[in-house]
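Chain and residue survey
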Amino acid sequence: MTRNGIRRVIATFGQLCSIVLVIFGYSQAAVAQVFDMREGVTEISQRVQNLHHISLGVCVVVGIVVFGAMFYTMYAHRRSKHPVPAKFHESTPVEIIWTIIPTLILIGMAVPATTALIDIEDNSDPDITVLVTASQWKWHYQYVEADIGFFSNLATPQDAINNLIEKEETYILDVDNPLVIPTNQKVRFLMTSGDVIHSWWVPDFAVKQDAVPGFINEAWTRVDVPGVYRGQCTELCGMNHAYMPVVVEVLPEEEFDAWIEDQRVAAALAGEQAVADRSRTWTMDELMPIGEQVYIAQCATCHLPDGAGQGIRYPALAASEIVNGPVEGHIDRVMNGVADTEMQAWAPQLSDRDIAAVITYERNSFGNATGDIVQPLTVFESR
Amino acid sequence: MSEAPAVGETPRYYVPHTSVWPIVGSVALFIMAYGLVTMIHQTTDKVAAEGTHGVWIFYIGLGIVAFMLFGWFGTVIRESVTGMNSGLMDRSYRMGMQWFIVSEVMFFAAFFGALFYARVISVPWLAGAGSNLETHTFLWPDFADVWPLFMTPGGTETEAMEAWGLPFINTVILVTSSVTVTFAHWALKKSQRIALGVWLAITVLLGAFFLLLQVVEYAEAYEELGLTLGSGIYGSTFFMLTGFHGAHVTMGTVMLAVMLFRVFSGHFTPENHFAFEATSWYWHFVDVVWLFLFTFVYWF
Amino acid sequence: MIAHADTIPKQRHPLIAFLLRWLLTTNHKEIGTLYLCLAFLLFFIGGAMAMVVRLELFQPGLQFTQPDFYNQMVTLHGLIMVFGAVMPAFVGLANWLVPLMIGAPDMALPRLNNFSFWILPFAFILLLSSMFMEGGAPNFGWTFYAPLSTTYGPPSTDYFILGVHLMGVSSVLGAINVMVTILNMRAPGMTLFRMPLFVWTWLITAFLLIMAMPVLAGAVTMMLTDRHFGTSFFEASGGGDPVLFQHVFWFFGHPEVYIMILPGFGIASQIIPTFARKKLFGYHSMVIATIAIALLSFIVWGHHMFAAGMPLAAELFFMYATMLIAVPTGVKVFNWVATMWRGSMTFETPMLFAVGFVIMFTIGGFSGLMLALVPADFQYHDTFFVVAHFHYVLYPGAIFGTMAAVYYWLPKWSGRMYDERLGKIHFWTATIAVNLTFFPMHFSGLAGMPRRIVDYSIAFADFNMLSSIGAGLLGLTQILFLYIVVKALTSGEKVTDAQVWEGAEGLEWTLPSPAPLHSFETPPVIEPDDAHAAADRA
Ligand code: HEA
Ligand code: HEA
Ligand code: CUA
Ligand SMILES: [Cu+2]
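Now for a description of the structure that goes with this document. (Residues numbered from 1 in each chain as written. Chains lettered and ligands numbered in written order. Predicted model: local features only at pLDDT ≥ 70, side-chain atom pairs only at ≥ 80, totals over all residues. Heavy atoms only, no water.)

In this section: the overall build of chain C. From N to C terminus, chain C includes 17 helices and three strands. Over its C-alpha atoms chain C spans a radius of gyration of 23 Å, differing by no more than 12% from the 24 Å that the globule rule assigns to 538 residues. If you line up chain C on its principal axes, its C-alpha atoms span 65 × 55 × 45 Å. Looking at chain C alone, contacts between residues at least 24 apart form 82% of all its contacts between residues at least 6 apart. Within the structure as shown, chain C displays about 14000 Å² of accessible surface, and the carbon and sulfur contribution to it stands at 73%. Treating the 23 positive side-chain charges of chain C as one cloud and the 29 negative ones as another, the clouds have centres 10 Å apart. (Helix = DSSP H or I, 4+ residues; strand = E, 2+ residues; numbered from the N terminus. Rg over C-alpha atoms; globule rule 2.2 N^0.38 Å. Contact = heavy atoms within 4.5 Å. Areas by Shrake-Rupley, 256 points an atom, 1.4 Å probe, with all protein chains shown as cover. Lys, Arg positive; Asp, Glu negative; His and termini not counted. Charge placed at Lys NZ, Arg CZ, Asp CG, Glu CD.)

Rendered as structure tokens:
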């Protein structure tokens, strides 16, 4: 069959199933929005949607035939209408027919699926490569060529999750730093993970790929339409699996280049800031509010806002021996984490100032009263 | 409800009406399982479980399991000796044993699957084979694909176990024992009591000797080669496969020893010796598994 | 002649006698009853957990549970429904029916039978007790992927592992028993191709169990050593691979899902001819199709792992193999329709459930086929679309099948009839509730809702509310079912006819109702013609 022929078949099936759905009482547009797989914004996502339409169409048609026959016979051959049952049974020709016809239908479905899959798995010749590293429960994006990288955390406030404030349209689909990619370029994603398996999914790109610790899986996309696209982690990855959104901002090419430049400048500034931070002595009053902010944003999911922890899985920081013990031990625990537990190493994720602040905060909150003030310089030196 | 048949009269199918052994066995397995977990928790640092007596609970469970097997098989033997087992019943036992061995084959298949997966897929991939170049470049740039895996991606080092030393001797021992158990079987079928006893005894000894050599081999692995459970996937598959095989050899040897004892008690006849046959099937199965082990774990 | 050794003295305190009877029994009917009761109890427990899940998902935001507890509920719900409800229910039916259908005095290995059953309650005590342990119950999904379940699993994971080991022992021993019974204990004249289809499907299910369960045991054993003894099967730094776990798990897991449906196929194949008063169309092709499904089930496991990073060739292979299963399954569906065709049908409750089974299982099969297309699966995978798929094949599949069987054979088992009017009400409310619960999940999945999430974006709120309302209704229908069964057993109308159902054929219907504790002590003689008719009809 030619490409056009395939297209036509696809279109027919697509219409067919839309019609079926319309019969259920919805306008086609509404159907598409509410009941259909998303069309998405890439060539691949549209082909995948077509494939969905084909297979759905096939199933609906086969269903109409099979269920139609069933309902007809249940109606027409019920005892009150058809008291004497027929005697026939076994027929090899019939068995052969209903073996062969489904086989042919399946082959028909396998063709577009195979061609689409071959294109999806073609990761060659990317324009940009992004290394995506998952960890509980955040994403880290590293632009391999540009050599910049950052973490992307959930930005929905805890109060919204606890139903204390109104939920926004983007409830639990908001992050602090979205991944930014340009339009019309082939972006290759290298997925990996630092702890358990996660899965990076953006429905509008039809990209879903598991991030497996110790291995790198590849996927790619090429987006034509600028915009913000949202998805979620789709592999159960522990407690906050529901709170691990993926947000991708697609910028027109020039804007993207400008954004990269901004990032470079920002990184340089942060470096200078860090030098400035560690060159002076901070007071308790300066560190505590910063520490509280960092604590609520990063640590409270596990250790809880009041430091009470959660059973034996997530130790309480209130009255903790480490928090109330020598400062070095505490710094080490926060910076390096504990291997093979959810307590990750925070050194690569937070600035010297933030680590100093959060440790100071922990040592002087939740009933802990060590009075210690940890300086960014101390943190810097233990890096 | 019909009465138990008079001794000597064979019912068409003997259906015992009640039995205490299954429930004893279930409770025992439960105790064993519970004990095993507490024991593991006690000896590893996952949970602080001091003061729990996992080891003892485990051994108590194990003891009851042994007691249960003793009692259960004792009952079956009594039934068999008093002639309550019809030919049909005998066939049930045979088929039961055969399908049990099939399930054991699948149990080993899981571990062989892991071995092949490691050798054919995960190790080459970690070293960048196929479409996994990036795995190699970004994550494990220093890792090279060799088998046995002398150095894991994480850097743990080990030496490989040489096939033509102890393992080869063990192969000879097991193959020989498979032959001797067959000789014993032939002797049994020809009612040659003494030959039966001798061949069977030799088989038991060979089994025990195999186990002894395996202990020596493990000691060598741990002390001289640095080959441990923790030395990467090579060590993992090595010990998992040989270890479970060893456990089966132990079981098999015990079963053979029991058969020897029963031979002395004059239990078997040339026509009726299902337990003996089942044991010898089991022994052959263990032998075949070893041949695969020798080929894929030690040799290639 | 059959011999029984009765070791319980007659004079005992009634309670002790009662306990001893059920603890020590080797009778296939009593053990069958035990299995069915345990399955029903665990179905309620698993269902109550589903209620917690649906209650939490009623609205976005955290309502009643904390995220970790939610994960525990989902995990235990899946595990208990699969291993505690569906599998024991099917084994219970096999215990009751297989000896009756093949004219055997009992199961081949009666003591082993008791052992297989009594391991189970202990296995579930191990599993359920984990809820009360420090660190909580297993929380990594019923598929327990490494390393979430190994390095990061809570301490109770080890109890879970041993629990799974016990369930595995139970299943394998039970399957061996069924296998041997069918192969060895058939009445003279009952050739393999004269066996009723329920027996055939169980023969093949037993084969799947014997082949698949040990692999699961291997998987959890590797988990245990990875957790505590330093092995690195599922750790890349040691040369292993977390995805290896998925391969081993699904090598078991996919045959497992057919273990949960094949006996259901058998039940439908018994019931539909009875109420259509017409022979099963295509007995032989039904058998061949079942065998084909079973064999194919060993080479399709990869379809659960399309997003895990498989090479293109493997993805294609698993896609084609998976799609192929639609062919033999289609043969079964078509044969059922052809059996009904020009019959003379009445719709008593068993028939209603059987027809509901065929229709809604097929819907679930259709979504399965859609999942098999790899590019589309990238969108469906790990969303509620998958949840919709497997509940369609499991609830109106496996559970409807079991319920049809209970309605159909209960008069034979107990000698009492259920209340037909209540039965019909049960069917219709259950059907409405099932569709209300699980159909909207297709749409929430397509809209992008991942599975196993405690909280979701407000875009999915409407569908989830529908599902939750449906689930509540579904919960009520279970209570109705319980009531119907209890009522039938205690005060149901007495059944006098051995035949019970006018159109029913097969050996079990030659026995009086209720079936006596010991049946076919002298094997029935199957006249070639009769037998052929019996087998063909059944
Ligand atoms: C009883 C259980 C059961 C049954 C019978 C099936 C049957 C099938 N399943 Fe399902 N499946 C599950 C239980 C079951 N499944 C479970 C529990 C999961 C999720 C596990 C988890 O991750 O937790 C799952 C997940 C699952 C996936 C993985 C989805 C994902 O995670 O991304 C896939 C993918 O291919 C799949 C496919 C199929 C197919 C093709 C069939 C086929 O057997 C269906 C065949 C039937 C038909 C097709 C209908 C009748 C046929 C006709 C009328 C003929 C003509 C039809 C045509 C030609 C269209 N299943
Ligand atoms: C045979 C198997 C089986 C059965 C019968 C069911 C039955 C049900 N399942 Fe199950 N389900 C699975 C197997 C099954 N499930 C599996 C394998 C998973 C995947 C787990 C995983 O991801 O790891 C899953 C996951 C799963 C999810 C997805 C959770 C998630 O991904 O976040 C949901 C969500 O709605 C759900 C709901 C239900 C409901 C409402 C029922 C209902 O049909 C239940 C009806 C029964 C009852 C309600 C019990 C009887 C009544 C009472 C106890 C009285 C009390 C009632 C009230 C108070 C109303 N199930
Ligand atoms: Cu990360 Cu789910
Ligand atoms: Cu599957």
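Resuming the write-up.
Moving on to the sheet that holds strand E3 (residues 148-152) of chain A. Residues and elements named next belong to chain A. As summarised here, the arrangement of the five strands in space is E3-E2-E1-E5-E8, forming an open sheet in which the pairing is mixed. Two strands close off the open sheet at either side, each with one partner strand: E3 and strand E8 (217-221). The sheet shows a mean angle of 25° between the axes of neighbouring strands, taken without regard to direction. Of the pairings in the sheet, the one linking strand E5 (residues 187-193) to E8 comprises five bridges and is antiparallel in character. When the sheet's bridge partners are listed, Leu190 is paired in E8 with Glu218. (Pairing = 2+ DSSP bridges. Axes fitted to C-alpha atoms, helices over the stretch in contact; angles between N-to-C directions.)

Across the contact, 98 residues belong to chain C and 91 residues belong to chain A. Interface area, chain C with chain A, both sides summed: about 8200 Å², of which 68% is carbon and sulfur. The interface formed by chain C and chain A includes one salt bridge. Here Arg79 of chain A and Glu502 of chain C are joined by a salt bridge, their closest N and O atoms 2.8 Å apart. Summed over the shared surface of chain C and chain A, the result is 30 residue pairs in polar contact (both at pLDDT 80 or more). For the side of chain C that touches chain A, the secondary structure elements donating two or more residues are helix H3 (67-102), helix H7 (242-259), helix H9 (283-296), helix H10 (312-324), helix H11 (326-340), helix H12 (349-372), helix H13 (374-380) and helix H15 (420-447) of chain C. Sort the elements by how many residues they give to the side of chain C that touches chain A and H11 of chain C lands first, with nine residues. (Buried area = accessible area lost by both parts, 1.4 Å probe. Salt bridge = Lys/Arg side-chain N within 4 Å of Asp/Glu carboxyl O. Polar contact = N/O pair within 3.5 Å; in protein donor to acceptor, adjacent residues only side chain to side chain.)

Now for the nonpolar core. Membership of the largest hydrophobic core comes to 383 residues, with the highest contact counts inside it found for Tyr143, Trp200 and Phe205 of chain A together with Phe83, Trp202 and Trp336 of chain C. Each residue touching Phe83 of chain C, except ones within four places of it in the same chain, is listed here: Pro88, Phe124, Trp142, Met167, Met213, Leu216, Phe252 and Glu256 of chain C. With 25 residues, the next largest nonpolar core counts Cys299, Ala300, Phe366 and Val374 of chain A among its residues. (Core = buried A, V, L, I, M, F, W, Y, C linked by side-chain atoms within 4.5 Å. Buried < 20%, exposed > 50% of the residue type's maximum accessible area, 1.4 Å probe, protein only.)

Here the bond from Gln136 of chain A into Trp137 of chain A is cis, since omega is -10°, no more than 30 degrees from zero. Cis rather than trans, the peptide bond between Trp147 of chain B and Pro148 of chain B has omega equal to -5°. Its location among the elements puts Pro148 of chain B in the loop between helix H4 (133-139) and helix H5 (166-189). Unusually for a residue other than glycine, Ile172 of chain A sits at a positive phi of about 50°. If you trace the backbone, Ile172 of chain A turns up in the loop between helix H5 (158-161) and strand E4 (179-182). The backbone of Ala319 of chain A shows a phi angle near 60°, a positive value even though the residue is not glycine. Relative to the elements of secondary structure, Ala319 of chain A occurs in the loop between helix H7 (284-303) and helix H8 (321-324).

Residues and elements named next belong to chain C. Only His77 (NE2) and His391 (NE2) from the protein reach the iron atom of ligand 2 as donors, at distances of 1.9 to 2.0 Å. For the iron atom of ligand 2, the six donor atoms in the first shell make angles of 87 to 179° at the metal, a pattern classed as octahedral. Taken together, the positions of His77 in helix H3 and His391 in helix H14 (residues 384-414) put the pair 314 residues apart, joining distant regions of the chain. Assigned by exposure class, His77 and His391 land together as buried. (Donors = N, O, S within 2.8 Å, 3.2 Å for Na, K, Ca; no water. Tetrahedral: all angles 85-135°; square planar, octahedral: opposite > 155°, others 65-115°.)

What follows concerns the pairing of strand E6 (residues 198-202) of chain A. Residue and element names in this part refer to chain A. The element E6 is largely enclosed, with a buried count of five among its five residues. Both E6 and strand E7 (residues 207-211) contribute to a ladder of five bridges, which runs antiparallel. Among the inter-strand pairings, His198 is bridged to a residue of E7, identified as Ala211. Hairpin remark: E6 followed by E7, antiparallel, with four residues in the connecting loop; positive phi at Ala206, about 55°.

Here the focus is the coordination of the copper ion (ligand 4). Residues and elements named next belong to chain C. Taken together, His254 (ND1), His303 (NE2) and His304 (NE2) make up the protein donors of the copper ion (ligand 4), found 1.8 to 2.1 Å from the metal. Here the donor residues of the copper ion (ligand 4) are spaced in sequence according to H-x48-H-H. Separating the copper ion (ligand 4) from the iron atom of ligand 1 is a gap of 4.5 Å. Residue His303 is classed as buried on the basis of its relative accessible area, which comes to 13%.

Residue and element names in this part refer to chain C. Taken together, the neighbourhood of ligand 2 is formed by 35 residues, with Arg54, Tyr70, His77, His391 and Arg452 sitting nearest. Take Arg452: an N or O atom from its main chain is 2.6 Å from an oxygen atom of ligand 2. When contributions to the shell around ligand 2 are tallied by element, the ones reaching two or more residues are helix H2 (28-56), H3, H14, H15 and helix H16 (461-491). Counting residues per element, the shell around ligand 2 draws most heavily on H2, which supplies eight residues. For the shell around ligand 2, a count of residues per class yields 24 nonpolar, eight polar and three charged. (Near = heavy atom within 4 Å. Nonpolar A, V, L, I, M, F, W, Y, C, P; charged D, E, K, R; others polar.)

So, on to the state of the cysteines. Residue and element names in this part refer to chain A. Using the criterion set out here, one finds zero disulfides over all chains in the structure. Unpaired in this structure, Cys299 has its nearest cysteine sulfur neighbour in Cys302, at a distance of 8.7 Å. A relative accessible area of 12% places Cys299 in the buried class. (Disulfide = S-S within 2.5 Å.)

Considering the arrangement of structural elements, one finds Ser19 of chain B in the loop between strand E1 (13-16) and helix H1 (21-43). Polar side-chain contacts of Ser19 of chain B include one of 3.3 Å to the backbone nitrogen of Trp21 of chain B. The contacts of Ser19 of chain B, once residues within four sequence positions are left out, are Leu24, Thr26 and Arg111 of chain C.

Before going further, it helps to spend a moment on the pattern of salt bridges. Per the counting criterion, the structure on display carries 21 salt bridges over all chains. In this structure, Arg353 of chain A engages Asp354 of chain A in a salt bridge whose closest nitrogen and oxygen atoms are separated by 3.1 Å. Taking the relative accessible area as the measure of exposure, Arg353 of chain A reaches 28% and is therefore partly exposed. A salt bridge links Asp90 of chain B to Arg94 of chain B; its shortest N-O distance comes to 3.0 Å. Of this pair, Asp90 of chain B and Arg94 of chain B both sit in helix H3 (residues 87-126), four residues apart, roughly one helical turn. Asp90 of chain B sits in the buried class, given a relative accessible area of 18%. Salt bridges linked by common partners bring Glu43, Arg47 and Asp119 of chain A together as one network.

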